[in-house]
Amino acid sequence: MLFLVVTLLTTALKAQVGTLSGVVKDATTGESLIGATVVIKGTSLGAATDFDGNYQVKGIKAGTYVVEVSYISYATKVVDKVVIVANQTTVLKVSLDSDEKKLTTVEVVATRRTGTEMSVITELKKADQIAVGVSAAQIAKTQDRDASAVIRRVPGVSIQDGRFVVIRGLSDRYNNVLLNDVLTPSIEVDKKAFSFDLIPSAMIDRMLVFKSGGADLPAEFAGGIIKVYTKNIPDENFVSAGFQLGYRSGTTGRNTQYNSQGGTSFLGFDQGGALPAAFPDRVRPNQISAAEVNQLGNRWSTRAVSIAPDMRFNLATGYKFKIGKIDAGNLTTISYSNTWQSYQQFRNRWGIYDPEAKKSLQIFEQNDDFTQNNVNVGIISNFNFRLGSRTSIDFRNFLNQSGRNETTIRTGSNENSIEFLNYGFRYEQRTVYSGQLGLTHTFDDRNEIKSTVGYSRTDRSEPDYRRVRTIRPAGSNEPFRIVVPPTASTFDAARFFSKLSENGYVATAAFEHKMGELVDGEQFQNKWKIGFYVDQKSRESAARWMSYRATNGFNDDILNQPVDQVFADQNIGPGGFTLQEGTNPSDFYTASNTILAGFGQINYAITPILQAVVGLRAESSQIKLNSANNTDTVVVDYPQFILAPSLNLALNLTEKQILRFAYTNSVNRPEFREFAPFSYYDFNNDVNIFGNPALKAATIQNFDLRWELYPNPTELITLGVFYKTFKNPIERFIIGGSGGNVLLYSFQNADKAVNYGVEAEVRKSLEGLSNSKFLNNVTVLFNASLLKSTVSLNTADPTFAGQENNRPLQGQSPILVNTGIYYTDTEKGLQVNVLYNVVSKNLYAVGDAINPSQYELPRNVLDLNVTKRLRKNLELRAGVADIINQKYRRVQDSDRNQKIDGLDENILNFIPGRIFSAGISFKF
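Novice: I'd like a rundown of the overall build of the protein chain, residues and numbers included.
Specialist: Assigned secondary structure in the protein chain consists of nine helices and 50 strands. Evaluated residue by residue, the protein chain yields a buried proportion of 56% over its 924 residues. Considering only contacts within the protein chain whose residues lie at least 6 apart along the sequence, 71% involve residues at least 24 apart. With the model as given, the accessible surface of the protein chain reaches about 37200 Å², and the carbon-plus-sulfur share is 57%.

Here you go:
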């Protein structure tokens, strides 16, 4: 709304300045010239061309000028009588002739700049597929802390659980993520998703989201394919550093009880609580000696803490050097963050809905005092080696270490008039490494090959996840007594240990041949491409869990002791506790997935204004998993072969307008965890999660139509529609739990579904719309998506008993809106931006005959950021994130009408807190 008001007001005003833009190319080859200089003679105005040869000079007073264009090793060209008209853009295309004498002594090697707003918009315009993106330059304005915050600025994209990407309202499982063109691993126990919070924003060069497919892209997607590119070799040597402090309302300075981890947790890893090497193996009988039990230690205590401010630090170095005749360079960035979040979380569990009373029976209500400490250490070190002007080798390395320590102290009461005081102490650490060695070789002006080999490693562990319940009669002053189960339990006096490791290997190559000249002297090039892709992943996941139980002659008074004393060494053994292992055969699984793909693609201009990209990808995969349940061995051997044809048409209506159509056939395969029968108890959400070995892959037909307008190289306006059909879509659903107290989440295939919507995006500068200097420095970004999905079920199938038919897809959000106003005063070194984001309600989990479906409600998020340059290489930054600080809410559709109204009951709510930040950065 604000964007529309500002635009209507300013367009009514007169301006006296215009813009000059165009492209500079080699007159012989038609290749774009990078870094050519365009000067308006008689003024101080000018510009340099980007990596596609494009340039733009703004703020030129109306009149007639002489324009000079120059480039090393080329003859300078002077163009007379260039007319600049107020409120208009004059287009001037220039072709330079090479200077043969200079060419005999100078070899020009250009480095492609990819992180500017102009370069990203140019890349989107030239893309074979329908795509959206965000540049490093735009990221720097927002002060977004990691990739999950960055990507929610992209049209049709939202974030779930703070780190999982949802595209076009489809859940995170329907996306595929590539880091520097190589598939990323999934490091979550229960999700087919990459955690975007692992990548600090300072490491990102650009992020692109492809919403239509292509032969050279993975066949596995439905929402989109996300490409994250980390920063590469700098233009010049530098060292930069930044430091930031943050204050979160409701968290920073809060006094609370917290279960610390260990001495190295501030580095994102800690072995405190890991199973000792001498601890008995799981094949031994359930009776474990007191000495063996005490090896685990008494780790149930909390301490009073006053939560410190958030802290973030980054250091980057760029260096160019030579190895003999080889030009080389390195960019290394190190980032560190130590952040906290603490809040009161209110949760309810409901029974059967009474339509006459118009409410449900309340099973329990609880209040969680939740405190979480997140530590993230990231390192990127990228090397580039140029062997002459035709061969380039890239060696990219990404390493991330993260640790998350959580303390949950739960109070509340249930329907049986029992009060409880429960505790959950959890630590999770993750290590991710991804490395790629890439080769690009240009044989001549028409033939090029690109190849990459890569390796990735993921390690994740939960050492000693402790859960305990204590109870007493409601309203009494009796001490809380520990609940000791008669047999092993995952949530009563329980200790849980898990490790997951995954290795990934990839090899890919593509050969491209250009045919003929550039079409009409413009961007499109007739060409064909062939290639292959091999990806192999293997995983090992192992969990052990056990709980305390009473021995013969148990001293009942022990149960009245405080939780930090009850499991002390003196209470272990005869008359006290022992440990009983409850580990099941299904708590261990090994899995692998091998993908073999070959593809071919041709780019061809049907007419000078209509171009087609036609491709075919043949992709074979084989997923294998070995595990067991309590009675049988579970073996999954799921091969699949898919032919994925793709068609992308681009109709150039004018030089600045493109109409695109796209079709792709794609697939969505089950993840290892979704196949595995392993059951995991999530204390924070009070649910058990387990897999389904009977899952099938989903297949999707994707159709897209989009109109694009590029007013100038830094602006765009798009409007698009899409339509998708699904066969066997995979969804998260609820199964009635133990006595209605513990819900079970699992995964299943629906029969079919459709998903369709409308998307719009505007990136527009207000420069030239008025004489106001303030408005000339303003750029507006707006994007919105209106989406709808419908699932159709076979109502005769007992699998879907109790489920609602013709409901939305699980994870679907029907409305997404992002908007931002950016003010940039280059002379004063001042940047100010205001950003707004909202995602409408989405279906969090599909209900069954007993449990209604659960929905996440929308949150309006408003951010403010200010950057001030004090000196050339010194900047101050300040910002406020989540100014509105709206409550997070999850509710159930109690009356099952697929609407959320006053009759529907709250399941979960909390207030995350505003974040105030201030920092300094410098570069030298």
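Alright, that's what it looks like, and here's the rest.
Novice: Can you break down a nonpolar patch on the surface residue by residue, with the values?
Specialist: Taken together, the side chains of L653, L659, F661, F703, L705, L719, V721, Y723, Y756, V758, L786 and I815 define a hydrophobic patch exposed on the protein surface, amounting to about 960 Å² of accessible area. Those elements that provide at least two residues to the nonpolar patch are β33 (657-668), β36 (698-709), β37 (716-727) and β40 (752-765). The greatest single-element share of the nonpolar patch, amounting to three residues, is contributed by β37. Here L719 lies in strand β37.

Novice: Account for the pairing of strand β17 (residues 255-258), with residues named and values stated.
Specialist: Remark: a regular strand shows side chains that alternate across the two faces of the sheet. The side-chain alternation of β17 yields one buried face, formed by T256 and Y258, and one unburied face, formed by N255 and Q257. Bridging between β17 and strand β18 (residues 303-306) involves four bridges; their strand directions are antiparallel. Across the sheet, residue Y258 finds its bridge partner in β18, namely R303.

Novice: Requested: an account of the sheet that holds strand β2 (residues 37-40), with residues and values cited.
Specialist: The strand order β3-β2-β5-β6 describes an open sheet built from four strands, whose pairing is antiparallel. Looking at the sheet topology across the chains shown, the edges are occupied by β3 (46-48) and β6 (77-84). Sheet twist, expressed as the average angle between the axes of neighbouring strands with direction ignored, equals 20°. Pairing analysis gives four bridges linking β2 to strand β5 (residues 63-70), with the strands arranged antiparallel. Bridge assignment links V38 to a residue of β5, and that residue is V69.

Novice: Requested: an account of the packing of aromatic side chains, with residues and values cited.
Specialist: Overall, the coordinates contain 31 aromatic pairs when judged by the stated rule. Following the ring pairs from residue to residue traces out a cluster consisting of W300, Y423, F425, Y548, F554, F567 and F577. One Lys or Arg, K923, reaches over the ring of F238 and ends 4.7 Å from the middle of that ring.

Novice: Help me get a handle on the environment of L766, residues and values and all.
Specialist: Examined against the element boundaries, L766 turns out to sit in the loop between β40 and α9 (773-776). We classify L766 as buried; its relative accessible area is 1%. Separated by 10 residues in the primary sequence, L766 and N776 have C-alpha atoms spaced 5.5 Å apart.

Novice: So what's going on with the side chain of D863? Residues and values would help.
Specialist: Tracing the backbone shows D863 in strand β46 (residues 859-871). Among the polar contacts listed, one links the side chain of D863 to the backbone nitrogen of D882, at a separation of 2.7 Å.

Novice: Got a sec to walk through the sheet that holds strand β15 (residues 224-230)? Specific residues and values, please.
Specialist: Sheet architecture is open: five strands sit in the order β9-β14-β15-β12-β13, paired in mixed fashion. Two strands in the sheet have a free side with no partner beyond their single neighbour: β9 (131-135) and β13 (182-183). Relative to β13, strand β12 (residues 175-179) runs antiparallel, the two sharing two bridges. Residue pairing for β13: L179 is matched across the bridge by V182.

Novice: Quick rundown of the environment of F511? Include the residues and the values.
Specialist: Mapped onto the secondary structure, F511 falls in strand β27 (residues 494-518). The sequence separation of F511 and G600 amounts to 89 residues, and the corresponding C-alpha distance is 9.7 Å. Setting aside chain neighbours within four positions, we find F511 in contact with F443, N447, E448, I449, W528, K529 and I530.

Novice: Tell me about the pattern of salt bridges, and name the residues and values.
Specialist: On inspection of all chains with the given rule, the structure shows 38 salt bridges. The partner of E220 in a salt bridge is R669, and the shortest N-O contact between them spans 3.0 Å. With E220 in the loop between β14 (204-210) and β15 and R669 in the loop between β33 and α8 (672-675), the pair connects residues that are 449 residues apart, well separated along the chain. With respect to burial, E220 and R669 carry one shared label: buried. Linking E581 and R544 is a salt bridge whose minimum nitrogen-to-oxygen distance equals 2.7 Å. Note that E581 is positioned in strand β29 (residues 577-581) and R544 in strand β28 (residues 525-550), a separation of 37 residues in sequence. Across this residue pair, the class does not change: E581 and R544 are buried. Through salt bridges with shared partners, a single network forms among E406, R426, E428, R460 and E462.

Novice: Break down the side chain of Q810 for me, citing the residues and quoting the values.
Specialist: Among the secondary structure elements, Q810 is positioned in the loop between β41 (778-792) and β42 (815-825). We classify Q810 as buried; its relative accessible area is 7%. A polar side-chain atom of Q810 sits 3.2 Å from the main-chain amide nitrogen of R732. Excluding residues within four positions of it along the chain, Q810 makes contact with S171, E731, R732, L843, Y844, A845 and V846.

Novice: Run through the pairing of β14, naming residues and quoting values.
Specialist: Most of β14 is tucked away: seven of the seven residues are buried. Across five bridges, the pairing between β9 and β14 is antiparallel. When the bridges of β14 are listed, V132 appears paired with V209. Pairing of β14 with β15, which is carried by six bridges, proceeds in the antiparallel orientation. Considered in β15, the bridge of I204 is made with T230.

Novice: How would you explain the confidence of the model for the protein chain if you had to name every residue and give the values?
Specialist: Taken as a whole, the protein chain shows an average pLDDT of 85; of its residues, 88% reach a score of 70 or greater. Between residues 1-15, whose pLDDT stays under 50, and residues either more than four places distant or in other chains, the model counts 20 contacts. Here residues 100-111 is a poorly scored stretch, pLDDT under 50, and it has 12 contacts once near neighbours within four places are set aside; other chains count.

Novice: Requested: an account of unusual backbone geometry, with residues and values cited.
Specialist: At A493, a residue that is not glycine, the phi angle is positive and equals roughly 50°. Residue classification places A493 among the buried positions, given a relative accessible area of 0%. In this structure, N806 takes a positive phi of about 55° despite not being glycine. Turning to its location among the elements, N806 is positioned in the loop between β41 and β42.

Novice: Please set out the environment of A278 residue by residue, giving values where relevant.
Specialist: With respect to the helices and strands, A278 occurs in the loop between β17 and α6 (290-294). Using a relative accessible area of 61% as the deciding quantity, one classes A278 as exposed. Here the alpha-carbon distance between A278 and Q295, two residues 17 residues apart in the chain, equals 8.6 Å.

Cut-offs used in this document
Residues numbered from 1 in each chain as written. Predicted model: local features only at pLDDT ≥ 70, side-chain atom pairs only at ≥ 80, totals over all residues. Heavy atoms only, no water. Helix = DSSP H or I, 4+ residues; strand = E, 2+ residues; numbered from the N terminus. Buried < 20%, exposed > 50% of the residue type's maximum accessible area, 1.4 Å probe, protein only. Contact = heavy atoms within 4.5 Å. Areas by Shrake-Rupley, 256 points an atom, 1.4 Å probe, with all protein chains shown as cover. Patch = residues over 30% accessible without salt bridge, like charges linked within 9 Å, V, L, I, M, F, W, Y side chains within 5 Å. Salt bridge = Lys/Arg side-chain N within 4 Å of Asp/Glu carboxyl O. Pairing = 2+ DSSP bridges. Axes fitted to C-alpha atoms, helices over the stretch in contact; angles between N-to-C directions. Phe/Tyr/Trp six-rings, centres within 6.5 Å; stacked < 30°, edge-to-face > 60°. Lys NZ or Arg CZ within 6 Å of the ring centre and 35° of its normal. Polar contact = N/O pair within 3.5 Å; in protein donor to acceptor, adjacent residues only side chain to side chain. pLDDT = per-residue confidence, 0-100.

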